Every structure is written in C-alpha cells, then in structure tokens.
Amino acid sequence: MDKPKKRMTVLVADDEPVTRMLLFGVLEQAFDVIHAIDGQDAVEKYQKHRPDALLLDVQMPLMDGCTACEQVRALEQDERVPIVLMSAQNDEALVLDGLARGADDFVFKPINQRVLLSKLRALLAGKSSRDTIAAQRERLLALQQETAREHFAASAVLRNILGRAEVDHPSIRSLMAAMNGFDGDVALVAKLPSGNLRVMVCDVVGHGLPAALGTIPIAVLFYSSARQGMELGNAVLEINRQLCGVLPVGLFAAAAAFEVAPDGRTLRVWNAGIPDLLLRRAHTRDLVSFPSENLPIGIAEQETCTIAQAEVCAGDVLFAMSDGVIEARNVDGTMFGMERVRSVLTMDRPIPELFDDLRSELLHWAQGRQDDDITLVAHTIGVS
Amino acid sequence: MSQPRTDLWRVVRLSELLANVSGSEQIAGMVVDEFLSHVDAQLGAVATALGAEDASQLLQTAHRFKGSLAAIYAGAALDAARTLEAAAKRRDFPAARAEHISLTERTSELVSHLKDWRAAHPTATKPGKLHG
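Residues numbered from 1 in each chain as written. Chains lettered and ligands numbered in written order. Predicted model: local features only at pLDDT ≥ 70, side-chain atom pairs only at ≥ 80, totals over all residues. Heavy atoms only, no water.

Draft legend 1. Structural detail: the sheet that holds strand β13 (residues 308-311) of chain A. Residues and elements named next belong to chain A. Reading across the sheet, the 5 strands line up as β7-β8-β9-β10-β13 and stay open at both edges, with antiparallel pairing between neighbours. Edge strands, defined here as strands with exactly one partner in the open sheet, are β7 (185-191) and β13. Neighbour to neighbour, the strand axes of the sheet diverge by 15° on average, direction disregarded. Pairing of strand β8 (residues 197-204) with strand β9 (residues 253-260), which is carried by 7 bridges, proceeds in the antiparallel orientation. Residue V201 lies in a different strand from β9, and its bridge partner there is A256. In the packing of helix α6 (residues 209-227) onto the sheet, contacts are made with β7, β8 and β9, and the angle to β7 comes to roughly 10°. (Pairing = 2+ DSSP bridges. Helix = DSSP H or I, 4+ residues; strand = E, 2+ residues; numbered from the N terminus. Axes fitted to C-alpha atoms, helices over the stretch in contact; angles between N-to-C directions. Contact = heavy atoms within 4.5 Å.)

Draft legend 2. Geometry of the sheet that holds strand β3 (residues 53-57) of chain A. All names here are of chain A. Strand order in the open sheet made by the 5 strands is β2-β1-β3-β4-β5, with parallel pairing throughout. At either margin of the open sheet sits one strand with a lone partner, and together these are β2 (32-36) and β5 (105-108). Here the strands of the sheet are splayed against their neighbours by 20° on average, with no regard to which way each runs. Two strands pair when backbone bridges link them, and strand β1 (residues 9-13) and β3 are joined in this way by 4 bridges, in the parallel orientation. For L11, the partnering residue across the bridge sits in β3 and is L54. Taken strand by strand, helix α1 (residues 17-27) contacts β1, β2, β3 and β4 (83-87), and its axis lies near 165° from that of β2.

Draft legend 3. Spatial organisation of the confidence of the model for chain B. All names here are of chain B. This prediction gives chain B a mean pLDDT of 88; 87% of its residues lie at or above 70. Counting contacts from residues 1-5, a segment whose pLDDT is below 50, to residues more than four positions away or on other chains yields 1 contact. In the predicted complex, the global pTM is 0.58; the interface-specific ipTM is 0.85. (pLDDT = per-residue confidence, 0-100.)

Draft legend 4. Structural view of the confidence of the model for chain A. Model confidence for chain A is summarised by a mean pLDDT of 89, while 96% of its residues fall at 70 or above. The least confident element of chain A, judged by mean pLDDT, is helix α5 (residues 113-162) of chain A at 86; the most confident is β1 of chain A at 97.

Draft legend 5. Main features of the side chain of D185 of chain A. Residues and elements named next belong to chain A. Within the secondary structure, D185 sits in strand β7. Buried within the structure, D185 lacks any salt-bridge partner; R359 is the closest side chain of opposite charge, at an N-O distance of 15 Å. A distance of 2.9 Å separates the side chain of D185 from the side chain of S322, its partner in a polar contact. A polar contact of 2.9 Å, which involves the side chain of D185, links it to the side chain of T375. Apart from residues lying up to four places away in sequence, D185 is in contact with M176, C202, D203, V204, T215, S322, D373, I374 and T375. (Buried < 20%, exposed > 50% of the residue type's maximum accessible area, 1.4 Å probe, protein only. Lys, Arg positive; Asp, Glu negative; His and termini not counted. Salt bridge = Lys/Arg side-chain N within 4 Å of Asp/Glu carboxyl O. Polar contact = N/O pair within 3.5 Å; in protein donor to acceptor, adjacent residues only side chain to side chain.)

Draft legend 6. Main features of the interface of chain B and chain A. Taken together, the 25 residues of chain B in the interface contact 25 residues of chain A. At the surface where chain B touches chain A, the tally comes to 1 salt bridge. As a salt-bridge pair, D15 of chain A and R64 of chain B come within 3.3 Å of each other at their nearest N and O atoms. There are 8 residue pairs in polar contact (both at pLDDT 80 or more) connecting chain B and chain A. Of all elements in the fold, only α2 (14-20), α3 (25-51) and α4 (55-71) of chain B reach the threshold of two or more residues within the side of chain B that touches chain A. Of the residues in the side of chain B that touches chain A, the class split is 10 nonpolar, 10 polar and 5 charged. (Nonpolar A, V, L, I, M, F, W, Y, C, P; charged D, E, K, R; others polar.)

Draft legend 7. Expanded view of the packing of aromatic side chains. Tallied over the entire structure, the rule returns 4 aromatic pairs over all chains. Taking the centre distance of 5.5 Å and the plane angle of 65° together, the rings of F222 of chain A and Y223 of chain A count as edge-to-face. A residue is classified by how much of its surface remains accessible, and Y223 of chain A, at 25% relative accessible area, is partly exposed. On the numbers, 6.5 Å between centres and 10° between planes, the contact of F35 of chain B with F65 of chain B is stacked. Of the two residues, F35 of chain B sits in helix α3 while F65 of chain B sits in helix α4, which places them 30 residues apart along the sequence. On the accessibility criterion, F65 of chain B (1% relative accessible area) is buried. Between R340 of chain A and the ring centre of F336 of chain A, over which it is positioned, the NZ or CZ distance is 5.9 Å. (Phe/Tyr/Trp six-rings, centres within 6.5 Å; stacked < 30°, edge-to-face > 60°. Lys NZ or Arg CZ within 6 Å of the ring centre and 35° of its normal.)

Draft legend 8. Focus on the pattern of salt bridges. In this structure the tally under the stated criterion is 31 salt bridges over all chains. Residue E70 of chain A pairs with R101 of chain A through a salt bridge whose shortest N-O separation is 3.2 Å. Taken as a pair, E70 of chain A in helix α3 (residues 65-75) and R101 of chain A in the loop between α4 (92-100) and β5 lie far apart in primary sequence, 31 residues in all. Among the salt bridges present, the one from D79 of chain B reaches R82 of chain B, with a minimum N-O distance of 3.5 Å. Of this pair, D79 of chain B and R82 of chain B are both found in helix α5 (residues 76-90), 3 residues apart, which corresponds to roughly one turn of the helix. Judged by relative accessible area, which is 42%, R82 of chain B ranks as partly exposed. Through salt bridges with shared partners, one network takes in R73, E76, R80 and D104 of chain A.

What follows is the structure, encoded as structure tokens:
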C-alpha cells in the first residue's frame, strides 16, 4: 500500500487576526497551517517548525515581512523555502524590494484563493524538485566515496600482481601514463631461459578499472610462457587462446611482443593491433616498420600467427607504443600522429636521446590533456 | 423582511467570502466570529489614537482595521476605513475625525448584518487548527 502523502505546511504571518483566520480558511484544505503574529514571530516559528512555505504580510509591527523574508533566507542551509509576500498595495517599488530581499512571489489583498493556491503549488513543486535533486546528490556522493574506496583496494591488488611495468633493465626505457587511476596499458619484460629479453606491450580496450583488470591474465600468461621458454609464436597463440576463455565479450587487447633471437642478430616482432613498431637503425636514419599483421588478442582463437623478422645490430632501437601516443591531441584537437613520431625518430640526433626527444615532443603536444592511456617503450638492441 | 440584495451587497459581500473558502459555511463562520470578537477593540484603538492625535498610532490602527474589514469582504465600512487611513497618512485629523464618524456608523451596520447572518447560519465551531 502506498504511504499517504505528507501534507505540506504553510506558515502564515499577519498581525491582523481576521486576515489570519481567512487565510487559514483559504489554505487549510490543502495544507497544514502555522500562524505568526508578526515578522519576528514568523522567523522564530520558521526555525522551530521548518514549514514548506511562508506567506508573509509586508506591513507588520516589530518586523515587517520583507525583513522577515531576508532573515529566513539567511537561516536557510541547503534548502530554499518558497516565500510569498502579501500586500494591500500593488506598488512596483514594494514588489521590487520584496523580490530583491528574497521573496519568490507576491499576492495582493483581497486574497484570491485560486491565485494563492496556484502560486503556492507551483513554488512547492519547484521545491520538491530541488529536494529530490539534493537527495540524489547525497546518494551520488556516497556512491562516489564507496567507489573510491573500492578503486583504492583494486589498485593495490593490481600493483602487487603486475609489479613495476618497466623492469630495471638498462636496455629498456618506458613512458606509462594512465588516463585515470587505472592503466589499461601494460608493458611486460621477462628474461627467457636463453638469457634474452622478451617484451610485450598491451593496450586493453577502454580504460579505467575494467581495462586494468584485463591486463592481469595477460601478465600472468606472459610471465608463465616466458619462464617455460615457450617460442614467441606459440606463446602469443597460447596467451590468445586462454584470453578468449577468460575475457568477457567486448574486452580484448591490442598487443605486440618482440625479442632478439639467441644469435643476437635477428629481431622477431609480433604485432596484433598496436601502431607500427619502429626500428631506428643505429648508423643511419632509416626506420623499419613492423605493422600489425594479427588480430588483437582475446577476440578469437587462432591456429597461426605472423611474426616479422629483421636483422639488427647493437645500438639499433625498437620503439613500441600504444595508440594513446598516436591519438594524443593538442589544444586544437589535432592528433600527434604517426608522421610526427617518424619525424622525431629520424632526426639527426644521438640515438640514446631519441626516446627523450619523443617523450618531450609528446608531452609538449598534449599539454597535460589525455584521452587514453599512453605507453611508449624503447628497447636498445645489444644492451645487457 | 430581508434586505434587498443590492443593499446587503453594499454592506458586506458574504458570497465572495464563501467563494474564497471553497464554499465552506463553517470556515466563513469562523472568519465572521473572529471579526465580531475583535471589532470593538479595533474600532476602540482607532478612537483612542484619534483622541490622542497620535498620527503614527492612528495610521497603524486604521491600517489594521482596514485589513480586518477587507478580510470579511466589507463594503461601505471598508471604504470608510481606507479614507480614514489616507487621512491619517496626511496627518489630517479633522478629516480623520469626520471619517471616523462614518466608519463607526457603517461598522455598526456591518456588525448587525453579520450577526443576522450568523444566526441564520449556525455552524459547529471547528476545532481550531491555528497553531504556532
């Protein structure tokens, strides 16, 4: 059974007793009525009873209606109670003064019941909407605080599972910037039983906590396959196969993995959906591109994958980046773009400084704005 | 013999009072009773202020009585109260005294009509919901 709607309360202030009785008669069918005999009494009774609306005569002894209106406004906290002033004089200056001092409307004597009730109902409907919004705001704040606590806990768990994205390895430089508290990008580095490094860069679709959670199975599978010395192709196929069973529909990851073969001269690159990996030669300004040739992982099981190869020598640097780098926008909304990346990486600059050059260009371009997680990894061949 | 409608209308417009309280004779009766219980005191306060030639007090009491008459939908008595209030604002005591005589006569007529109406429309006194 629905709860009966609580009747609203109107405080009526008029020093004239017959007028008070008349107003009681006008209002009592729709509202509970509290009466006050002057402005000061009205303010005191407002504080005591917190009526839903006030009807104040302008001309009263001790404290007039406009002053009482002003004082009630000063006492209000979160709410704004509708206040209607009454007067026998339809005087423009009086009306303007009353409205300036906080009244919402005026009625003129002799009071017309239908006009008064219509005005009060309209004002109270507005108050009701404001009260609803205030209550919803309170609930949202509480929800926000609860979410922040959950995020803090989740963040701690993720940190413990993933550890530091950039391993303390002298061959690796990295820039990792999450768009908000949780990073859907991850850079993983593992030492193979052969002693070489295998690096994987992943960008789980979306950002925030759901994307960050997607990085967990990827990290676990990457480290496990690396520990076992699994061949690169088999490793990424296995990671993909297991992810298809773990990630929900709609969650997948663009990824790339690379390693230098035990001979130290062959670079093997698997790219599944991230922007081109770029190999800057140590002794020329050439760039070798490794575009995506595989489906992102977690979408569908694959029987085979494509791994590109290139001859490398010590000092060559391989750059891998998430689309957050390419799609970083400046104040005009223009993307950083792959051409800009290539332009920086082919500058006549010392190789070891190219990572810092690219990072500086990117950060200067974005000016603190960020629409996606950003990952930039550079691996120098031959550094151990 | 009942008063012709036009004559009664000149004295008090009870139909308008009833219309403004949703036709409730009970509430209209409460308003009439409230007026009748205060009329002598209010008229007396005007007379006292006039006798003392206290312009501020005269203005205040005339204004209050005018409000009371307006609430009861008085006719001629309300006109007299308005004129008296205007004289008080001007501090025109001779005019105020003249109008006071008119006000007293018309109020007496009004009270008589209201008592007749009340006698013809007895209603149980509604438990007062006025509270503060």
